[in-house]
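Listed below are the residues making up each chain.
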Amino acid sequence: MAKKRKPRNLRRRNAITGYLFISPFIIGFLVFLVKPMIESFRMSLSKVIIAASQKEGGNGFIMERITTWKESNYYRAFFYDPDYKNRLVDSLKSMAIQVPAIIVFSFFIALLLNQEFKGRGFVRAIFFLPVILSSGVIVGLEYNNTLMSGMKDIIAESGEGFSITASLETILRTTGIGGKILDPVFKIIEGVYDVAIASGIQIIIFISGLQTVSTSMYEAAKIEGCTAWESFWKITFPLVSSMILVNLVYTTVDFLMRTDNQVMDLITLKVNPQMEYGLSAAMAWSYFAIVAAVLGILSAIISKKVYYYE
Amino acid sequence: MKKIRLKRRQPGRSRGGDLGVYIILILFGVMFAIPLVMQICQAFKPLDELYKFPQTILVRNPTTGNFKDLFVIMGQSWVPFSRYIFNTVFITAIGTAGRLLIASMGAYVLAKYDFPGGRKLFAMITTAIMFNGYVTQIPLYLVFAKLGWIDTYMAPIIPALAAPMGLFLMKQFMDGLPDSLLEAARIDGAKEWGIFTKIVMPNVKPAWLTLIIFAVQELWNNAQSTYIYSEELKTLPYALSQVTAGGVARAGAGAAVGLFMMIVPIGIFIFSESNILETMASSGIKE
C-alpha cells in the first residue's frame, strides 16, 4: 500500500469508518472486560470485607486501602502463601516445554490433514474430538461424576502405556547418552497424549491458515522446478507464519488459563471456599503480569518474522 | 492391506509416503478417538459394568436403560425440559452470530485501516486475552446489577459478543488479505459496508469456522448459574449437571448426559467443516 502522504480528508474518513466499525466491540470490551478488570485491580490493593448492608453506597463489599507493603496482598501472595510461588514456577516450566511441542505437533498434523485423501472429513472430525471432550461440560461433570475421573485414568494409562516409549527410553538411557539433555525429550514423549489432546483448536487454526494459501502458487513453484521440500519452506511456511503467532498466543493462554492449571486452581480456591477476594485478585494480577510479559516478548520476536502476503 | 487409492495424489510423493501418512494418522486418530468411543460406550453400559474396575473401554452388554432413566428424570423436572434446551440454543445461536459479526467488524478496520489509536487498541485487546476471567466474576456481577441484567438473557449473551479472542483471530486472518483486493473494489465504487460483507467476509471463511467453534463451545457448555436465578432461564448444562449430582444411583443417567452434551458441538463442527472450510478458494488475486 502506498503510504506516502495521504490527503487529509482520506485520513479523516478512515478514522470515521474505523471507529464506526469497531465501536460495538469497544463498548462491550470496556463495560464487560476493562471495567471489571479495573475493579479487580482495586480489590487486589485493598482489604475486601463482605458486608450485607447496602447503605453507604456499597454493594455488599467494602474495600479498605492497604497502605503498607508488608500487609499488601501482593506481598502475602509471594512471601506468605506457601504454594503460590512454587506453583507459578512449576507451571511456567511445563509451559516452556509443552507450548512449543503443541505448536509443532499441531502444525504437523494440520499439514497431514490438509492433504487430499479419502475420508479426510472424518479424520478431521476425529482430531477435533479432544476439543469437545476437554471442554467445560465434561470437566464440570467430573466433579459430580466419579465415573468420569475413572475414565480419565484409563485414558492416561492407555496413552502412556505405549511400550515403545518405555523401551526407547531404556535403550537411550543405557547407551549413556546424557540423561539430563534427554530429559525434556522424554517428558515430551511421556506427555504425547497431553500434547495431542491439547492441540485440537491449534490444528483447526493451522488448517484454516493452510486453506488460504492459493494452490496456483504451488503450481507455479512446481513449474519452476521447486521440490516439495523447498515449496514447503518458501511458500507454506511463510504464508502460515501469522498463524504460528496466533497459535502461540492461544496455546500459551489456554495452557496457563485452563481450569486444571495449578495456579488457576489456587486462585479459584482463594475465591470460592476461602473468600480471600483481595488475595486472589492480587495473585491473578501478578500472574497476568507475568504471562503478559512472557507472551509480549515471544510475540515481539515472532511477529518480526511473520510474513504478510501483499 | 490392499492398495490405497487416493483421489488425487500429491505430485512427487511415493506410495510409501502415502502409506506413512496413513499410518501416522491412524495411530494418532486411534489415540484421539479412544475417549470418544469410551464416552459413547459409557452411555450404554449397565450400572454394574460402569463400576467395574479396571474399567473397560468397550461395552459388553449394551442397554438403553440409561437413556430411559434420563428421560424419566427429565420428565419429572419442574420446568419442562424443552425450556432448558430452548434457552441454551437461543443463547448459543445469538451469542455466536453476534460475536462473529462484531469481532469481524472490529477486526476488519484494525487490519485494513490506518486510524489513530488503532494499534494501541489492538495491543490492549490482545493483552486482555491473557487475563484470568475468574477474578472478574464479582466485579462483573456488580456491572450486571447496575444495568439490571441479573436474571435476564442479557447477562450470558451480551458480554459473550465482545470476546477479545475472536477479534484477535479474525484480525490475524484479515491481515493476510491483499490490500489490492479492497482497492479494486473501492475503485469499482463499492461502499465500505459492501466491501466488508461482499469481499472481506467471504474471503476469510476458514476463520469463521474457528470462531464459530470457539463460541459454540463456550456458550453451549456454559452453565451460567452465577447470574441467573430463575429456573425458567437456566440452561441445559445446568439442568444436566443437576442430573449427575444425584450420585451413584444416577451414574447411568449421568453417562447418558455426557453423550447428550457432546452431540451438538460435534454436529456443528461437522457441518461447518464441510460448508466453510472446503469452500475456501484462493485469495482471488491473479498477479
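Residues numbered from 1 in each chain as written. Chains lettered and ligands numbered in written order. Predicted model: local features only at pLDDT ≥ 70, side-chain atom pairs only at ≥ 80, totals over all residues. Heavy atoms only, no water.

Colleague: How would you sum up the overall build of chain B? Please name residues and give values.
Modeller: Along chain B, the regular secondary structure elements total 13 helices and zero strands. Reading chain B from its N end, one meets helices and strands in the order α-α-α-α-α-α-α-α-α-α-α-α-α. Counting only residues that meet the buried cut, chain B has 55% of its 287 residues in that class. At a minimum sequence separation of 6, the contacts of chain B that also span at least 24 residues come to 70%. In the form shown here, chain B has an accessible surface area of approximately 13000 Å², with 65% of it arising from carbon and sulfur atoms. (Helix = DSSP H or I, 4+ residues; strand = E, 2+ residues; numbered from the N terminus. Buried < 20%, exposed > 50% of the residue type's maximum accessible area, 1.4 Å probe, protein only. Contact = heavy atoms within 4.5 Å. Areas by Shrake-Rupley, 256 points an atom, 1.4 Å probe, with all protein chains shown as cover.)

Colleague: Summarise the confidence of the model for chain B; cite the residues concerned and give the values.
Modeller: Residue and element names in this part refer to chain B. For chain B, per-residue confidence averages 76 on the pLDDT scale, and residues scoring 70 or more make up 83% of the total. Put simply, helix H2 (residues 47–50) is where chain B has its lowest mean pLDDT, 72, and helix H4 (residues 81–112) is where it has its highest, 89. Here residues 279–287 is a poorly scored stretch, pLDDT under 50, and it has 18 contacts once near neighbours within four places are set aside; other chains count. (pLDDT = per-residue confidence, 0-100.)

Colleague: Give me the lowdown on the packing of helix H2 (residues 73–80) of chain A against helix H15 (residues 277–305) of chain A, citing residues and values where you can.
Modeller: All names here are of chain A. Running from N to C, H2 and H15 point in directions that differ by 75°, and their axes come no closer than 8 Å. Classified by the angle their axes make, H2 and H15 are roughly perpendicular. In this structure, H2 uses Asn73, Tyr74, Arg76, Ala77 and Phe78 to contact H15, whose residues at the interface are Gly278, Leu279, Ala282, Met283, Trp285 and Ser286. Residues of the contact of H2 with H15, tallied by class, amount to seven nonpolar, three polar and one charged. (Axes fitted to C-alpha atoms, helices over the stretch in contact; angles between N-to-C directions. Parallel < 35°, antiparallel > 145°, perpendicular 65-115°, else oblique. Nonpolar A, V, L, I, M, F, W, Y, C, P; charged D, E, K, R; others polar.)

Colleague: Let's hear about unusual backbone geometry: which residues, and what values?
Modeller: The phi angle of most residues is negative, glycine excepted, and most peptide bonds adopt the trans form. In this structure, Asp151 of chain B is a non-glycine residue whose phi angle is positive, near 70°. Along the chain, Asp151 of chain B falls in the loop between helix H6 (137–147) and helix H7 (154–161).

Colleague: Quick rundown of the side chain of Ser104 of chain B? Include the residues and the values.
Modeller: Residues and elements named next belong to chain B. If you trace the backbone, Ser104 turns up in helix H4. For Ser104, a relative accessible area of 0% corresponds to the buried category. Discounting residues that sit within four places of it in the chain, Ser104 has contacts with Arg99, Met170, Met174, Phe196 and Met201.

Colleague: Could you give an account of the packing of helix H8 (residues 164–175) of chain B against helix H11 (residues 205–220) of chain B, with specific residues and numbers?
Modeller: Residues and elements named next belong to chain B. Interhelical geometry of H8 versus H11 gives an angle of 170° and a closest axis separation of 10 Å. Taken together, the axes of H8 and H11 lie roughly antiparallel to each other. Two secondary-structure elements touch here, H8 through Gly166, Leu169, Met170 and Phe173 and H11 through Ala207, Trp208, Thr210, Leu211 and Phe214. Considered class by class, the residues forming the contact of H8 with H11 number seven nonpolar, two polar and no charged.

Colleague: Explain the pattern of salt bridges to me, using residue names and the numbers behind them.
Modeller: According to the stated counting rule, one finds four salt bridges over all chains in the structure shown. Measuring nitrogen to oxygen at the nearest pair gives 3.6 Å for the salt bridge that ties Glu39 of chain A to Arg42 of chain A. Of this pair, Glu39 of chain A and Arg42 of chain A both sit in helix H1 (residues 8–45), three residues apart, which is roughly one turn of the helix. Here Arg42 of chain A falls in the partly exposed class, since its relative accessible area comes to 43%. A salt bridge links Asp175 of chain B to Lys171 of chain B, with the nearest nitrogen and oxygen atoms 3.3 Å apart. Note that Asp175 of chain B and Lys171 of chain B are positioned in helix H8 at a spacing of four residues, about one turn of the helix. Just as Asp175 of chain B is buried, Lys171 of chain B falls in that class too. (Salt bridge = Lys/Arg side-chain N within 4 Å of Asp/Glu carboxyl O.)

Colleague: If you had to explain the confidence of the model for chain A to someone new, which residues and values would you point to?
Modeller: Residues and elements named next belong to chain A. When pLDDT is averaged across chain A, the result is 73; 68% of the residues are at 70 or more. Looking over chain A, one finds the lowest element-wise mean pLDDT in helix H5 (residues 136–144), namely 42, and the highest in helix H3 (residues 84–114), namely 86. Segment residues 135–149 is flagged for pLDDT under 50; beyond a separation of four residues in sequence, or across chains, it makes 32 contacts in the model. Note that residues 157–164 has pLDDT below 50 and, in this model, four contacts with residues that lie over four places away or in other chains.

Colleague: I'd love a proper account of the packing of aromatic side chains, names of residues and values included.
Modeller: What the rule picks out here adds up to 24 aromatic pairs over all chains. Here Lys171 of chain B stacks its cationic end above the ring of Phe122 of chain B, 4.1 Å away from the centre of that ring. (Phe/Tyr/Trp six-rings, centres within 6.5 Å; stacked < 30°, edge-to-face > 60°. Lys NZ or Arg CZ within 6 Å of the ring centre and 35° of its normal.)

Colleague: Residue-level account of the environment of Pro100 of chain A, with values.
Modeller: Residue placement: Pro100 of chain A occurs in helix H3. In this structure the C-alpha to C-alpha distance between Pro100 of chain A and Leu248 of chain A, which are 148 residues apart in sequence, comes to 8.1 Å.

Colleague: So what's going on with the nonpolar core? Residues and values would help.
Modeller: Ranked by internal contacts, the top residues of the largest apolar core, which has 119 residues, are Leu113, Phe127 and Tyr287 of chain A together with Tyr108, Met170 and Met174 of chain B. When residues of this core are assigned to their parent elements, the largest contribution, 13 residues, is made by H3 of chain A. Tyr287 of chain A has contacts with Tyr84, Leu88, Ser91, Leu256, Met257, Asn261, Val263 and Ile267 of chain A, leaving out every residue within four places of it along the chain. The next biggest cluster of nonpolar side chains, apart from the first, holds 23 residues, and it includes Ala43, Trp220, Val257 and Leu259 of chain B. (Core = buried A, V, L, I, M, F, W, Y, C linked by side-chain atoms within 4.5 Å.)

Colleague: Explain helix H13 (residues 241–257) of chain A to me, and be specific about the residues and the numbers.
Modeller: Three- or four-residue spacings in an α-helix give side chains the same orientation, since the helix completes a turn every 3.6 residues. The end-to-end C-alpha separation of H13 of chain A is 24 Å, in line with the 24 Å expected for 17 residues at 1.5 Å each. With respect to burial, H13 of chain A is a largely interior element, 16 of its 17 residues being buried. (Expected span 1.5 Å × (residues − 1).)

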